[in-house]
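Chain residues, written in single-letter form:
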Amino acid sequence: MTTRRIGVIGAGILGLAVARELTLVHGAEVTVLEKEGDIAAHQTGHNSGVVHAGIYYEPGSLKARLCREGVGMLREYCAEHALPYDEVGKLVIASRSAERGGLRRIAERARANGVPGIVELDAVSLRDVEPHAIGVAAVHSPHTAITDFAAVARSFAEEVVAGGGRVLLGHPVRAMRETVSGAELIAGTRRFAFDGVISCAGLGSDEVARLTGRQGELRIIPFRGEYYRLTEFAKDYVKGLIYPVPDPRYPFLGVHLTRRIDDEVLVGPNAVMALAREGYRWGVIRPGDLREILGFPGTWRLARQHWKTGIHEVYGSLMKRAFLAAARRYVPALQSADLVRTTGGVRAQAVDRGGRLLDDFAIDVHGKITLIRNAPSPGATSSMAIARHIVNTIPKL
Ligand SMILES: Cc1cc2nc3c(=O)[nH]c(=O)nc-3n(C[C@H](O)[C@H](O)[C@H](O)COP(=O)(O)OP(=O)(O)OC[C@H]3O[C@@H](n4cnc5c(N)ncnc54)[C@H](O)[C@@H]3O)c2cc1C
């Protein structure tokens, strides 16, 4: 059998997980094309670092299945490669009685998804887990973990290269077309011919889809997630992960407190619509991106349905006291001086023409070209399972 030559667009955790799977399991000759000068430059290097256990997701959805599978694969991978993985545990806290129903549904979903160790706690026993937290009730997921997703991605890249593949940085994919035998690409100034191409381009995924003429009914709307970190004095208020009961209308989990693997504690992320695909700050505005975003009917339908939440999020972005208030609902000892602004990330969130935020992972297969269209959180957690799923879905690999 001849060796298959596969091009992978994007050196985030998904592109590298796919490249690793193709190289190690299928013996393909893989070339990863990344526009930036480093791997994990976008979502993979700017997230909360939480290995989600699978407690929130609709049973039977791709997210629910691939998250659960992904956790097991990632835990094993981190152990084998001496990468950090710490089961610090998560508390989802209802801060008001009205949230008890939502909390109960989370416990039910977690059990339906096979998440181990789920325990429902009352106002007193939740403090055995997080002594500085308050609430009327909580769900404890003791196996929810933290890791360093950028380090995992770098490890995947090393395995790809050791297996004979290439990771080419500074290679933005600018053109692509399907051919009889596969696909041709122009990346930077070079031409490439492959038997198949898999796009894992995150915030650039609809631009890549457009290159193939298959943008369809989805667009990526960039949602910035901003964070504060706790100072040395306040860090000890949080042992693991403290989350609110999420609003079921949104795929975002709400401002939470997250202990990271480097021992920082983050407060965030919120979710504000960014003015550029890679709009890490309010000042970053790209007219081309903005034209695309505002020219899409789904953006306006989304805005009409959710303008109140949008205004609330913008207020939280501009006013530290709003962020502090969100954190103090769960850890009342926190003071304004305990929170210091730090770098955030931008989520690649797919929205359809009707203005619906796509909740599940979405992958389109068009002959020799496969496009990841939506892979928000828990995309990093699920990366190895998503990679196996994609590679097994591709015809005639
Ligand atoms: C604020 C925030 C918090 C999150 N928290 C968590 C969490 O705690 N746990 C979790 O599991 N997930 C979390 N996520 C989600 C997770 O980070 C993503 O699901 C995951 O990183 C997606 O990986 P990716 O490889 O698809 O994307 P990315 O890491 O964004 O990689 C895509 C790559 O494609 C490259 N690219 C784009 N266009 C082109 C082009 N034309 N040519 C060449 N290269 C191109 C980009 O430069 C980029 O490097 C979070 C995300 C954010 C933003």
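Residues numbered from 1 in each chain as written. Predicted model: local features only at pLDDT ≥ 70, side-chain atom pairs only at ≥ 80, totals over all residues. Heavy atoms only, no water.

(A) Expanded view of the packing of helix α1 (residues 13-24) against helix α10 (residues 383-393). Here α1 crosses α10 at 55 degrees, and the two axes come no closer than 8 Å. Judged by the inter-axis angle, α1 sits oblique to α10. Two packed elements cross with a definite hand, and for α1 against α10 that hand is right-handed. Here α1 contributes Ile-13, Leu-14, Ala-17, Val-18, Arg-20, Glu-21 and Leu-22 to the contact with α10, which in turn contributes Ser-383, Met-384, Ile-386, Ala-387, Arg-388, Ile-390 and Val-391. Looking at side-chain class alone, the contact of α1 with α10 contains ten nonpolar, one polar and three charged residues. (Axes fitted to C-alpha atoms, helices over the stretch in contact; angles between N-to-C directions. Helix = DSSP H or I, 4+ residues; strand = E, 2+ residues; numbered from the N terminus. Parallel < 35°, antiparallel > 145°, perpendicular 65-115°, else oblique. Left-handed = near helix turned anticlockwise from the far one by under 90°. Contact = heavy atoms within 4.5 Å. Nonpolar A, V, L, I, M, F, W, Y, C, P; charged D, E, K, R; others polar.)

(B) Structural view of the site of the ligand. Neighbouring the ligand are 37 residues, the closest being Glu-34, Thr-44, Val-50, Ala-375 and Thr-381. Within the backbone of Leu-14, a nitrogen or oxygen atom sits 3.0 Å from an oxygen atom of the ligand. Ala-380 is positioned with one of its backbone polar atoms (N or O) 3.4 Å from an oxygen atom of the ligand. Alone, the ligand offers 1000 Å² of accessible surface; in the complex the protein occludes 96% of this. Listed by contribution, the elements that provide at least two residues to the shell around the ligand are α1 and β19 (339-352). A class-by-class count of the residues in the shell around the ligand yields 17 nonpolar, 16 polar and four charged. The two domains that each donate at least three residues to the shell around the ligand are domain 1 (1-49 + 148-217 + 356-397) and domain 2 (220-232 + 245-352). (Near = heavy atom within 4 Å. Polar contact = N/O pair within 3.5 Å; in protein donor to acceptor, adjacent residues only side chain to side chain. Areas by Shrake-Rupley, 256 points an atom, 1.4 Å probe, with all protein chains shown as cover. Domains from an automatic or database assignment.)

(C) Spotlight on the pattern of salt bridges. Here the structure, examined in full by the defined rule, presents 29 salt bridges. One salt bridge connects Arg-260 with Asp-262, and the closest N-O pair in it is separated by 2.5 Å. A relative accessible area of 27% places Arg-260 in the partly exposed class. (Salt bridge = Lys/Arg side-chain N within 4 Å of Asp/Glu carboxyl O. Buried < 20%, exposed > 50% of the residue type's maximum accessible area, 1.4 Å probe, protein only.)

(D) Layout of the environment of Glu-36. Along the chain, Glu-36 turns up in the loop between β2 (29-33) and β3 (50-51). When its relative accessible area of 22% is taken as the criterion, Glu-36 is described as partly exposed. Through-space distance from the C-alpha of Glu-36 to that of Arg-353 is 30 Å; in sequence the pair is 317 residues apart. Ignoring any residue separated from it by four or fewer positions in sequence, one finds Glu-36 in contact with Ala-41, His-42, Leu-169, Gly-170 and Glu-278.

(E) Region of interest: the environment of Pro-222. Considering the arrangement of structural elements, one finds Pro-222 in strand β14 (residues 218-230). What makes Pro-222 buried here is its relative accessible area of 0%. Here the alpha-carbon distance between Pro-222 and Gly-72, two residues 150 residues apart in the chain, equals 29 Å.

(F) Main features of the sheet that holds strand β9 (residues 166-168). With respect to topology, six strands assemble into an open sheet ordered β9-β2-β1-β13-β21-β20, the strand pairing being mixed. Each edge of the open sheet is held by one strand with a lone partner, namely β9 and β20 (362-366). Going across the sheet, the axis of each strand differs from the next one's by a mean of 15 degrees, ignoring polarity. (Pairing = 2+ DSSP bridges.)

(G) Quick look at the packing of aromatic side chains. For the structure shown, the criterion picks out five aromatic pairs. Judged by centre distance (5.1 Å) and plane angle (55 degrees), the ring pair of Phe-223 and Phe-252 falls under tilted. Of this pair, Phe-223 sits in strand β14 while Phe-252 sits in the loop between β15 (241-244) and β16 (256-259), and the two are 29 residues apart along the sequence. Given the relative accessible area of 8%, Phe-223 is considered buried. Given the relative accessible area of 13%, Phe-252 is considered buried. Cation over ring: Lys-90 sits above Tyr-243, and NZ or CZ is 3.8 Å from the ring centre. (Phe/Tyr/Trp six-rings, centres within 6.5 Å; stacked < 30°, edge-to-face > 60°. Lys NZ or Arg CZ within 6 Å of the ring centre and 35° of its normal.)

(H) Up close: the pairing of strand β11 (residues 183-187). Only one face of β11 is covered, namely the one carrying Ala-183, Leu-185 and Ala-187; the face carrying Glu-184 and Ile-186 has none of its residues buried. Bridging between strand β10 (residues 173-178) and β11 involves five bridges; their strand directions are antiparallel. Among the inter-strand pairings, Ala-175 is bridged to a residue of β11, identified as Ile-186. Linking two consecutive strands that pair antiparallel, namely β10 and β11, is a turn of four residues. Judged from the five bridges that link them, β11 and strand β12 (residues 190-194) form a sheet pairing that is antiparallel.

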